[in-house]
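# Residue-level structure breakdown
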Amino acid sequence: MPDTLIAPELFLRDEHLAVPHGFFTRLGGVSPAPFDSLNGSLSSVDAPENITENRSRIARTLGVQPARFLGLKQTHSAIVHTIRSDTPLWPTGRGPEGDALVTDCPEIGISTITADCGPLLLSSGDGHIVGAAHAGWRGAVGGVIEAVISAMKAIGAEDIHATVGPCIGGSVYETGPDMYDAVCTQDPERGPLFFRTAPRDGHFLFDLSGYCSARLRAAGAITVSSLNVDTLTDQRFFSHRRRTLAGGGHIGHQVSAIRPR
């Protein structure tokens, strides 16, 4: 199959990130339903050759070779892996468990997959160091945001900009009291600020993007922006919540990716 790039109109960018990057949608790939079509999940039951082609298209669009396009086995942790010039690469592109990647190698692309959680892309001011993190509420409360910024600073990043990509919106992310209690117990200062009462008794609406943005600023990001795109209501994106409301079944995951200059 010839090299295929993802058309610019099929992924989102943030003008504040002055490095090659993209918040890719579910469009522009080869996977059939229900993974249609740019499913990037290495753990999906989608055909492996489809996932390989989809990720190859994303890698080439980012300007890196597919063999140098990396992801992790995401577990809602605060584990960060830093990739330097002497770091052995993972043969399949899928690394060990973890939820954030950092690199200063311009020939390396790093990625995160989501389907309602918050994809975070970060860059140093000079564009020479970048990070990508998967921040659902568990990871955000558990410290993945602070961990990825700390890892970037450890290899010299200054003036960090961070962008929160498409994730489930605060007007539709309904949660139960168990999640409210978990977030507010672990983060009693900030947690309550990002919940409001839901129409259904005993439930709450959670602003994941706003919460991630607040923690990014507190962790030392100089500027923070959010695309404010809701994956539940925007059909361009995969959504676990939409899948659940529709009765379940398999689903794909979109990719957000970045590389240094």
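Residues numbered from 1 in each chain as written. Predicted model: local features only at pLDDT ≥ 70, side-chain atom pairs only at ≥ 80, totals over all residues. Heavy atoms only, no water.

We count it as follows: UniProt positions are given in the numbering used here, feature names are shortened, and annotations may be inferred rather than shown by experiment.
Looking at an unreviewed UniProt entry, the chain carries the name Laccase domain-containing protein, with the source organism given as Neokomagataea anthophila. Taken verbatim from the UniProt record of the chain, the Sequence similarities (unreviewed entry) comment is "Belongs to the purine nucleoside phosphorylase YfiH/LACC1 family."

## Description of the nonpolar core
Where we set the bar: We define the nonpolar core as a collection of buried residues of types Ala, Val, Leu, Ile, Met, Phe, Trp, Tyr and Cys that are connected through side-chain atoms lying within 4.5 Å of one another. Classification of residues uses two cut-offs on accessible area relative to the type maximum, computed with a 1.4 Å probe and protein chains only: under 20% is buried, over 50% is exposed, and between them is partly exposed. Whether two residues are in contact is decided by their heavy atoms, any of which lying within 4.5 Å being enough.
Formed by 40 residues in total, the largest nonpolar core has its most connected members in L120, L122, I145, I149, F206, C212 and L216. Here L216 is in contact with L120, L122, I145, I149, A162, V164, A221 and V224, once residues within four sequence places are set aside. Membership of the second largest hydrophobic core comes to 18 residues, among which are L101, L121, A132 and I258.

## Focus on helix α1 (residues 48-62)
Rules: Runs of E in the DSSP output that reach at least two residues are strands. Runs of H or I that reach at least four are helices, and both are numbered from the N terminus. Here, expected helix span is obtained from the residue count minus one, scaled by 1.5 Å.
In this model α1 runs 21 Å from its N-terminal to its C-terminal C-alpha over 15 residues, within 8% of the 21 Å that 1.5 Å per residue would give. Where α1 is concerned, the buried positions are N50, I51, E53, N54, R55, S56, R57, I58, A59 and L62. On the buried face of α1, the contacting elements are β2 (21-24), β3 (69-73), β7 (109-114) and β15 (254-258). Of the residues trailing α1, G63 is marked for its positive phi of about 95°.

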